Amino acid sequence: MTETRLTGVAASDGVAVGKAFVHTPGELAPDRDRIEKGSEKTELARFDEAVAAVVRKLTATAEHLTATGSGKEAEIFEAHVEFAEDPELRDGVEERVKSLGSPESAVLAVGGEFAAMISAMDDEYMAARADDVRDVASQIAAELIGCSAAGLEALDKPSVVLARSLAPSDTARIPKGMALGFVTSEGSKTSHVSIMARSMGVPAVVGVGDALEASLGAETVAIDGTEGFAVADPDPETISDFEAKSEEIADEKSSLEKFKNVEGRTKDGRRIEISANLGSAKEAADAIEYGAEGVGLFRTEFLFMERDELPTEDEQFEVYKEAVEAFGERPVIFRTLDVGGDKDLPGVEQPKEENPFLGWRGIRMCLDVPELFKPQLRALLRAAAFGNAKVMFPMVADVSEVVAAKKVMAECRSELEREAIRFGDIEVGVMVETPAAAVCAADIAPEVSFFSVGTNDLVQYTLAADRGNEKLERLQSADHPSVLRLIGMTCEAAKEAGIWVGVCGEAAGEPGLIEKLVALGVTELSMSAPRIPRAKKVVSEV
Ligand code: PEP
Ligand code: MG
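Criteria and cut-off values
Residues numbered from 1 in each chain as written. Chains lettered and ligands numbered in written order. Predicted model: local features only at pLDDT ≥ 70, side-chain atom pairs only at ≥ 80, totals over all residues. Heavy atoms only, no water. Pairing = 2+ DSSP bridges. Helix = DSSP H or I, 4+ residues; strand = E, 2+ residues; numbered from the N terminus. Axes fitted to C-alpha atoms, helices over the stretch in contact; angles between N-to-C directions. Contact = heavy atoms within 4.5 Å. Core = buried A, V, L, I, M, F, W, Y, C linked by side-chain atoms within 4.5 Å. Buried < 20%, exposed > 50% of the residue type's maximum accessible area, 1.4 Å probe, protein only. Domains from an automatic or database assignment. Buried area = accessible area lost by both parts, 1.4 Å probe. Salt bridge = Lys/Arg side-chain N within 4 Å of Asp/Glu carboxyl O. Polar contact = N/O pair within 3.5 Å; in protein donor to acceptor, adjacent residues only side chain to side chain.

Focus: the sheet that holds strand E8 (residues 229–232)
At step 1: Here 8 strands make up an open sheet; going across it, the order is E1-E8-E7-E3-E4-E5-E6-E2 and the pairing mixed. In the strand order of this sheet, the two ends are held by strand E1 (4–7) and strand E2 (9–12), each with one partner. Neighbour-to-neighbour, the strand axes of the sheet open up by a mean angle of 30 degrees, direction not taken into account.
At step 2: With 4 bridges connecting them, E1 and E8 associate as antiparallel partners. Within the sheet, the bridge partner assigned to Arg 5 lies in E8 and is Val 231.
At step 3: Contacts from helix H8 (residues 236–256) reach strand E3 (15–23), strand E7 (220–224) and E8 within the one sheet, and its direction differs from that of E3 by about 115 degrees.

Quick notes on the nonpolar core
At step 1: Tyr 320, Phe 334, Phe 393, Phe 451 and Leu 525 are the most contacted members of the largest nonpolar core, which totals 87 residues.
At step 2: Discounting residues that sit within four places of it in the chain, Phe 451 has contacts with Val 430, Val 432, Ala 441, Ile 444, Ala 445, Thr 490, Ala 494, Ile 499, Trp 500, Val 501 and Gly 502.
At step 3: Core analysis: the next-biggest nonpolar cluster, separate from the first, contains 27 residues, Val 93, Val 107, Val 136 and Leu 144 among them.

Remarks on the domain arrangement of the protein
At step 1: Taken domain by domain, the protein consists of domain 1 (4–24 + 150–239), domain 2 (40–145) and domain 3 (262–540).
At step 2: Here domain 1 and domain 3 have C-alpha centroids that lie 27 Å from each other.
At step 3: Contacts between the two partners involve 18 residues from domain 1 and, on the opposite side, 18 residues from domain 3.
At step 4: Summed over both partners, the interface of domain 1 with domain 3 comes to about 1,700 Å²; 54% of that surface belongs to carbon and sulfur atoms.
At step 5: When the area that domain 1 buries against domain 3 is broken down by residue, the three leading residues are Thr 190, His 192 and Arg 198, summing to 32%.
At step 6: Our enumeration of links across domain 1 and domain 3 arrives at 3 salt bridges.
At step 7: Between Arg 534 and Asp 13 there is a salt bridge whose closest N-O contact spans 3.9 Å.
At step 8: Summed over the shared surface of domain 1 and domain 3, the number is 4 residue pairs in polar contact (both at pLDDT 80 or more).

Following this line, the structure appears as structure tokens:
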């Protein structure tokens, strides 16, 4: 096997070498429909092996679910086993293989026929089974093709994940410690897969383009997220280069250890708070371990996206309370629900939009759907009784939205008071991630206690460059005069109003940008937790 090099965007630092796990949601495309005459027997044996492998995985999942008290879910997998072993499926495939069809296209076709037959039945329950049948057929086909069609939640060995793209809900499903790194054909530095990789502390190379297709069959992948390349099926020499790099990185990491527990402060004594961006309360302990002085951005949407229904007020309260309690006196800034754009919300009907990033998202959606917004604000107010909680609104474009959101908040306060439910004080801030908010910062500042600049979106809206488009990498940096000037305007307006400015976009953790942000007047930098020690070191040299 010769190695193949894939070049892309260096999206999350570090190196890793590991088993490849191909995530292929949706349609599978077998690369051959026909087989050679005389190979029928061998191909059928391959099919039987693939079925056995899929059955092993399904049985293991069912057993795990039963053992952990999820008997109902286990039944689904047991039914999948039955279908995988169904003699009619085997007969259908055998017939097609004998007429020289490839077993992978045969199983997809037979599975498709069965599914069509089932969904034509006048029985709602059976119709719903059609998807299960398709799912099992594609798992068998994936096994034959040499990639796994299983969901990322099934990842049970530490692996490098290869995918066309990964939604936040995909990465959120990966069991802890199972992703060694990510290689995607789409995406940029501020795509959510990159952000997730940085907060998980694993390397990522994104935007490698169509070249990834040819490497989907790789067994092993080496990934260098600092330089921005990956190697499919690396030869021994490459592997030893990676091992050497990995040692260097470990040495650097240990030299940064001592910065974990120092306060963020410039050489001339200016206090700069170095905080973490979190996607769940579970990440709090790790963030504190890295030296987080608080949470500058708690992305609440992950709590909504990892399930099929909206979380209740009480469920939200428990999560927010857990986060503030973990941080004690240190602040935890919760960003209210920011869905739309590249983040879908199960449980809320979202219109198909021509330009989702310019669409009904963030505060725009929350103000229109009080049944979504109010339980969240009530849960946050209640959590504020247990720690130092703050709240900020995303995607604000003008002061009227801030006034409207604060009004809903006041209503929630009165309701809780009437209902005699305990709640606490909560400071309100606004994310500056539209150029409009930066330009109008002087109008917004008197209404709030702080600004937090979301450079990921601010860059894409200022430079009219989609944050997920790998072809626009040149334009995807906060180190652009237009963006820096907007941050400068925000800081000036804040100073005038006597409030502080933080940055919670990815620029906050970029060593090369920290000095500029501090010079502009930013006093809080919030980033993926693993970047904290280095950021503290950089700040100490400013
Ligand atoms: C941002 O836009 O910079 C930000 C922090 O929010 P998100 O990346 O979640 O859109
Ligand atoms: Mg944003």
